[in-house]
Structures are given as structure tokens and as C-alpha cells.
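What follows is the residue order along each chain.
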Amino acid sequence: INMMTLLHDSARRDPATHAHASWMTDLGAQVRTAAVLPLRMLIFDRQVAVVPIDTSDTRLGALRTTEPGIVNSMLAVFEQAWNTAVPFGAAPVADELETGLTRLDRELLRLLSAGMTDEVAGSRLGISARTVRRQMAALMDRLNASSRFEAGLKAAQRGWL
């Protein structure tokens, strides 16, 4: 059985999710994490796709399709996310060690610099708007910036954007 699972980067910091991901890798699954996840989906044997009917409330049910065009499109989205994700258990990348920026920090800066609200950026990152504000406050502190605009300017000057 070949299983590929893509989790949010926050899984590395959550003890229960970390333990589950470790268990899956011990059983032979491939697990990677990403700062931003695509639509929640299950794909079986590259032929069957299952997606939520309503992404804001997955308890409402799911849609199953074998339509090749839809399944192939979903595979392309998953593979793009998979190819940029970090294997579970991998050491921090050199960039993170040099700048101290996590992939989440970098992605947050990118989304906010594109004009997204805290709520939209949080939704894209799989975190709450409150966490976005807390992360941004920490970044502003590191940059010694008194406003988000100044933080964006200083982040760009440092090559963080």
C-alpha cells in the first residue's frame, strides 16, 4: 500500500498529530507538511476522488467522482502541493536556520503583502485570524517595526519577501 499524506506545518508542533504522522511513516506512508494546503481531498488509485460538499462544514458530506477530468485536475493540485512540501521529520532548511523565518512566517508575509486580510490569510494557512495577528506582532517585533507597512518594507529590504 502506497499512501501519501499532506499535513499542515502546524502538525510538527502538535504532539498528537506528530505522533500520528510518525506512526503512519513507520507503517510506510509518505508524509509531508506544507504552510498552505490545497482543498481537502482523498484520491484513491488515481481514479477516485472524494471532496467535501461544503469546505466550510465538512460534516455536510462529501462528493465522490470517477470523472477522469476532475480526478486528474485534483491530482495536479495535490502533486503541486506535494512537490513543494517538506518531508515529515526533515531538519529545518538552511534558509530557516539563517533567517530564523519559518515557512509559515514567510507565507504569512507573502499573503499579507498581497493585501489579504488576517481572516483570509488565516484561512489559507489553516490558522485563526487571532494566530495571524499574534504571528504578525512577533514578526514586527523581530523587525523592530511599529506598523505593518514598516514591517513589510523592512521584510522586503531583508529579502524575506
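The preceding data block contains the structure.
The rules behind each value
Residues numbered from 1 in each chain as written. Predicted model: local features only at pLDDT ≥ 70, side-chain atom pairs only at ≥ 80, totals over all residues. Heavy atoms only, no water. Core = buried A, V, L, I, M, F, W, Y, C linked by side-chain atoms within 4.5 Å. Buried < 20%, exposed > 50% of the residue type's maximum accessible area, 1.4 Å probe, protein only. Pairing = 2+ DSSP bridges. Helix = DSSP H or I, 4+ residues; strand = E, 2+ residues; numbered from the N terminus. Axes fitted to C-alpha atoms, helices over the stretch in contact; angles between N-to-C directions. Contact = heavy atoms within 4.5 Å.

Draft legend 1. View of the nonpolar core. If you look at the biggest cluster of nonpolar residues, it comprises 18 residues, and the most contacted ones within it are L108, M136, L139 and W160. Among the nonpolar cores identified, the runner-up in size contains 12 residues, and L6, V51, M74 and L75 belong to it.

Draft legend 2. Main features of the sheet that holds strand β5 (residues 62–65). Spatially, three strands are ordered β3-β4-β5 in an open sheet, and the strand pairing comes out antiparallel. Looking at strand neighbours, the two that pair on one side only are β3 (42–44) and β5, the edges of this open sheet. The mean angle between the axes of side-by-side strands here comes to 15°, regardless of whether they run parallel or antiparallel. Direction of pairing for β3 relative to strand β4 (residues 48–52): antiparallel, over a ladder of three bridges.

Draft legend 3. Structural context of the environment of A21. Take A21: it is sitting in helix α1 (residues 15–26). Along the primary structure A21 and A11 are separated by 10 residues, whereas in three dimensions their C-alpha atoms are 8.1 Å apart. Leaving out residues up to four positions away in the same chain, A21 has contacts with L7, V31 and F88.

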